[in-house]
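Per-entry structural report
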Amino acid sequence: MCGIVGYVGARPALGIVLDGLRRLEYRGYDSAGVAIVCDDELRTEKRAGKLTNLEKAFGDERFGTGTAEDTTTVDSTCCPAPVGIGDGTAGIGHTRWATHGGPTDRNAHPHLSRDGRVAVIHNGIIENFAKLVAELEADGVEFVSDTDTECAAHLLAAALADLRAAGEPEGPRLLAAAMRRVCQRLEGAFTLLAVDASIPDAVVGARRNSPLVVGRGPGEHYLASDVSAFIEHTRDAVELGQDQVVLITADSIEITDFDGAPALGRDFHIDWDASAAEKGGYDYFMLKEIAEQPQAVADTLLGRLTESGEIMLDEVRLTDQDLRDVDKIFIVACGTAYHSGMIAKYAIEHWTRIPCEVELASEFRYRDPVLDRSTLVVAISQSGETMDTLMALRHAKEQKARVLAICNTNGSTIPRESDAVLYTHGGPEIAVASTKAFLTMVVACYLIGLHLAQVRGIKYADEVEAVVSQLQGIPDKLRQLLASMEPVRQLARDLSTANQVLFIGRHVGYPVALEGALKLKELAYMHAEGFAAGELKHGPIALIDQGTPVVCVVPSPAGRGMLHDKIVSNIQEVRARGARTVVIAEEGDTAVARYADDLIYVPRTPTLLAPLLTTVPLQVLACEIAAARGHDVDQPRNLAKSVTVE
Ligand code: AGP
């Protein structure tokens, strides 16, 4: 996930683009860059690190020499000043969250054509980039970055050259025609923006499965990943459809499909102001991140299945034979990541028949676990920097075990020190409470389970494909679920004065109960505990008093019937002791309805995948209870996003 901005108008583009990037920095902040068209030349700057590194590179140049309309800082009346990067009135900018290629100056966007006259920025993953790179290299192109994006710059330059050679008239529409040709070659998800030094008054954009909106101003237009980038200039916007190309000049917006047929966007007015923009219009980053979960899950699944139906990991320094030799798996992680590992255990053991243990990373090495060359240790971490997990990983490596990392942060320490990596493509997670990272880690665990089962000959390609296709249905179910959260918000206001909240579940619903309780503890500072529902009667049931809220995570009645019946009995037990039961159940589960004081339905899905849905209402519940209690949702007390001490 990256942030993208484009501008064409009469004002200096550089400042507008940099301000837009500042508002989009939540989308990624490992490097940033701009390309501005100045006097028939392209001026580009890019820097690894946060946006401030890039801003420092400009110094006063940001304000130009005074040739553009509203530049006031330089008096150019005595003699004409040379045109600087601050004077150009068309440009693009990018803030990056690395997927292909580490976060370096070289891999930062924009990427340029060989002659430096075409610049491209990109959000998404071009899945067929390896094939395109091979083709371009065969034509003599030398790549200067490790990104999937650079091929789009070379393809665009080649398309422009072909169109010019064919006698197409010069001008903005030439740029749009060339972009359409490029889009027809690309597979995967992408938003692309581009400028050409020879077409100084236009920016072209294209979109497939990745966001892009147009901002409409008087005598100027904007393109951006979201409206927050231009909200301080205009509240009139156009949402593009899938597979569309948009060409903006100072006075026009032209939209076509990838074949060149005229197309329409959806006009809308933005009803919030610039102050909310950093959070993309949400009150908290956490709410935004909850809302991003459908896309985060889709992105994590993107491009994982090869044409022959094999699961692809990202960096694999293990052979298939190494994986066939595995006789025991340990998953090590902390907090929310640990809960994702607990869910993984059910899937991995079911699919691979390899014994799988889940360990708190902070305890792992102290109990001297039995590890050897045929042990696979899976280290799960959103940040990739959690010291407890890193130490567990190092201990495993000292004992000669193989280590596979699941991580959301490209190039961080945990994946770097592991033998293999599967990155979740959840995008930057800013709120301390982990939400979209949790869902994407669970998805990654499923993929690893399937990969192991396939390599070991336990599952055939068509069986793997069947599960992957069920996973691919999850983003739509998440969208449907997120659209029905209003009753959960109301319930949260009701529960915000409770003394404690208990959570119960069985099978994969048990880690979901633990995760629900953790979210509530860290955000609302309330006593909250998760239990395996069957354990209640062995002690915790004594906590239940008149009106104690008990959140019950109920498995699908269509799955293992026994599981469903058992938890319905547990719900009756707590109800009989005065509990207020908040039941999370599958749509159509009428059997449980009569035991629910509050009932939240989630879409139907196979039992093993259900945590991807049942967790979501618990995230919303915790967030809203915390807000109702007046807490800082994004930065709860005593916590930090990345825990780099043991
Ligand atoms: C949960 O909401 C927390 N932020 C916390 O438990 C977190 O999951 C844990 O600290 C592990 O972090 P990591 O995924 O970055 O390793």
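In case you missed it, the structure is sitting above this.
The paragraphs below set out a description of the structure included in this document. Everything numeric in this text was worked out from a predicted model, so none of it was measured.

The subject of this paragraph is the overall build of the protein. Per the secondary structure count, the protein includes 20 helices and 25 strands. A compact globule built from 646 residues would reach a C-alpha radius of gyration of about 26 Å, and the protein, at 26 Å, matches this within 12%. Projected onto its principal axes, the C-alpha coordinates of the protein cover approximately 85 × 55 × 45 Å. Residues classed as buried in the protein amount to 59% of the 646 residues present.

It is worth spelling out the sheet that holds strand 16 (residues 328-333) at this point. Consider a sheet: its strands pair through backbone hydrogen bonds, and that pairing is either parallel or antiparallel. Taken in spatial order, the six strands of this open sheet run 15-20-19-18-16-17, and their pairing is mixed. The sheet terminates laterally at strand 15 (315-316) and strand 17 (356-360), the two strands that pair on one side only. Summarising the sheet, strand 16 and strand 18 (residues 375-381) pair through five bridges and their orientation is parallel. Bridge pairing links valine 332 to alanine 379 in strand 18. Docked against the sheet, helix 11 (residues 387-398) engages strand 16, strand 18 and strand 19 (402-407), running at close to 165° with respect to strand 18. Where helix 13 (residues 436-455) meets the sheet, it contacts strand 16, strand 18, strand 19 and strand 20 (420-423), and its direction lies at approximately 145° from that of strand 19.

This part takes up the pattern of salt bridges. Taken as a whole and assessed by the stated rule, the structure comprises 30 salt bridges. Across the pair aspartate 243 and arginine 208 runs a salt bridge, and its minimum N-O distance is 2.9 Å. Of this pair, aspartate 243 sits in the loop between strand 11 (236-239) and strand 12 (244-248) while arginine 208 sits in strand 8 (residues 199-208), and the two are 35 residues apart along the sequence. Aspartate 243 sits in the partly exposed class, given a relative accessible area of 26%. Residues participating in the shared-partner salt-bridge network are Glu486, Arg489, Arg493 and Glu624.

Attention now goes to the side chain of asparagine 408. Within the secondary structure, asparagine 408 is located in the loop between strand 19 and helix 12 (413-416). The class of asparagine 408 is buried, set by a relative accessible area of 2%. A distance of 3.1 Å separates the side chain of asparagine 408 from the side chain of glutamine 382, its partner in a polar contact. In contact with asparagine 408, not counting residues within four places along its chain, are Trp97, Ser381, Gln382, Thr424, His425, Gly426 and Gly427.

Bringing the environment of alanine 593 into the picture now. Structurally, alanine 593 is set in helix 19 (residues 590-593). Overall, alanine 593 belongs to the partly exposed group, its relative accessible area being 27%. For the pair alanine 593 and valine 583, spaced 10 residues apart in sequence, the C-alpha separation works out to 8.1 Å. Aside from chain neighbours lying at most four places away, what touches alanine 593 is Leu599 and Tyr601.

With that settled, consider helix 13. The end-to-end C-alpha distance of helix 13 is 29 Å, a good match for the 28 Å that 20 residues give at a rise of 1.5 Å each. The first or second residue beyond helix 13 is glycine 457, which carries a positive phi of 75°.

Before going further, it helps to spend a moment on unusual backbone geometry. Note: most peptide bonds trans; most residues except glycine with negative phi. The step from histidine 109 to proline 110 runs through a cis peptide bond, and the omega angle for that step is 5°. Note that proline 110 resides in the loop between strand 4 (90-96) and strand 5 (111-112). Of note, the phi angle at histidine 507 is positive, near 55°, even though the residue is not glycine. Structurally, the position occupied by histidine 507 is in the loop between strand 21 (500-505) and helix 17 (509-524).

With that settled, the discussion passes to the packing of aromatic side chains. For the structure on display, the rule yields five aromatic pairs. For the pair tyrosine 7 and tyrosine 222, a centre-to-centre distance of 5.3 Å together with 50° between the ring planes defines the contact as tilted. Taken together, the residues span a long stretch of sequence, with tyrosine 7 in strand 1 (residues 3-8) and tyrosine 222 in strand 10 (residues 220-224) at a distance of 215 residues. Look at tyrosine 7 and you get buried, because its relative accessible area is 0%. Classification of tyrosine 222 as buried rests on a relative accessible area of 1%. Linked through ring pairs, Tyr7, Tyr222 and Phe230 together constitute an aromatic cluster. When the ring centre of tyrosine 525 is taken as origin, the NZ or CZ atom of arginine 637, which lies over that ring, is 3.9 Å away.

The next thing to look at is the side chain of threonine 256. Locating threonine 256 in the fold gives a position in strand 13 (residues 253-257). Looking at threonine 256, the relative accessible area reads 11%, which means it is buried. A distance of 2.9 Å separates the side chain of threonine 256 from the side chain of arginine 180, its partner in a polar contact. Residues within four places of threonine 256 in sequence aside, it is in contact with Arg180, Asp243, Gln244, Val245, Ala261, Pro262 and Ala263.

Next up on the list: the pairing of strand 2 (residues 31-38). Taken residue by residue, a regular strand's side chains alternate between the two faces of the sheet. Along strand 2, eight of the eight residues are buried, which leaves the element largely enclosed by surrounding structure. A two-sided burial pattern is seen for strand 2, the buried positions comprising Ser31, Gly33, Ala35 and Val37 on one face and Ala32, Val34, Ile36 and Cys38 on the other. Across eight bridges, the pairing between strand 2 and strand 3 (residues 41-48) is antiparallel. The residue bridging alanine 35 from the neighbouring strand is threonine 44, located in strand 3. The antiparallel pairing of strand 2 with strand 3 creates a hairpin that spans two residues between the two strands, and aspartate 39 there sits at a positive phi of about 50°.

As a further point, take the site of the ligand. Around the ligand, a shell composed of 13 residues is seen, among which Ser381, Gln382, Ser383, Thr386 and Glu522 lie nearest. Glutamine 382 places a polar main-chain atom, nitrogen or oxygen, 2.6 Å from an oxygen atom of the ligand. Lysine 519 is positioned with one of its side-chain polar atoms (N or O) 2.9 Å from an oxygen atom of the ligand. Against a free-state accessible area of 410 Å², the protein chains account for coverage of 91% of the ligand. Listing elements by their share of the shell around the ligand, those giving two or more residues are helix 9 (335-352) and helix 17.

Attention now goes to the sheet that holds strand 11. Spatially, eight strands are ordered 3-2-4-1-10-9-11-14 in an open sheet, and the strand pairing comes out antiparallel. This sheet does not close on itself; its edge strands, each paired only once, are strand 3 and strand 14 (266-269). Across the sheet, the mean angle from the axis of one strand to that of its neighbour is 15°, orientation sign disregarded. Bridge count between strand 1 and strand 10: four bridges; the pairing is antiparallel. Each bridged residue has a counterpart across the sheet, and for valine 8 the counterpart in strand 10 is histidine 221. Of the strands in this sheet, strand 1, strand 2, strand 4 and strand 10 are in contact with helix 1 (residues 13-24), which crosses strand 1 at around 155°. Packed on one face of the sheet, helix 2 (residues 51-58) meets strand 2 and strand 3 and runs near 135° to strand 3.

With that out of the way, let us pick up the pairing of strand 13. Sheet topology places strand 12 next to strand 13; five bridges connect them, and they run antiparallel. Opposite isoleucine 248, over in strand 13, you have isoleucine 253 as the bridge partner. Turn length for the strand 12-strand 13 hairpin, with the two strands adjacent in sequence and antiparallel, is four residues.

Rules behind the numbers
- Residues numbered from 1 in each chain as written.
- Predicted model: local features only at pLDDT ≥ 70, side-chain atom pairs only at ≥ 80, totals over all residues.
- Heavy atoms only, no water.
- Helix = DSSP H or I, 4+ residues; strand = E, 2+ residues; numbered from the N terminus.
- Rg over C-alpha atoms; globule rule 2.2 N^0.38 Å.
- Buried < 20%, exposed > 50% of the residue type's maximum accessible area, 1.4 Å probe, protein only.
- Pairing = 2+ DSSP bridges.
- Contact = heavy atoms within 4.5 Å.
- Axes fitted to C-alpha atoms, helices over the stretch in contact; angles between N-to-C directions.
- Salt bridge = Lys/Arg side-chain N within 4 Å of Asp/Glu carboxyl O.
- Polar contact = N/O pair within 3.5 Å; in protein donor to acceptor, adjacent residues only side chain to side chain.
- Expected span 1.5 Å × (residues − 1).
- Phe/Tyr/Trp six-rings, centres within 6.5 Å; stacked < 30°, edge-to-face > 60°.
- Lys NZ or Arg CZ within 6 Å of the ring centre and 35° of its normal.
- Near = heavy atom within 4 Å.
- Areas by Shrake-Rupley, 256 points an atom, 1.4 Å probe, with all protein chains shown as cover.

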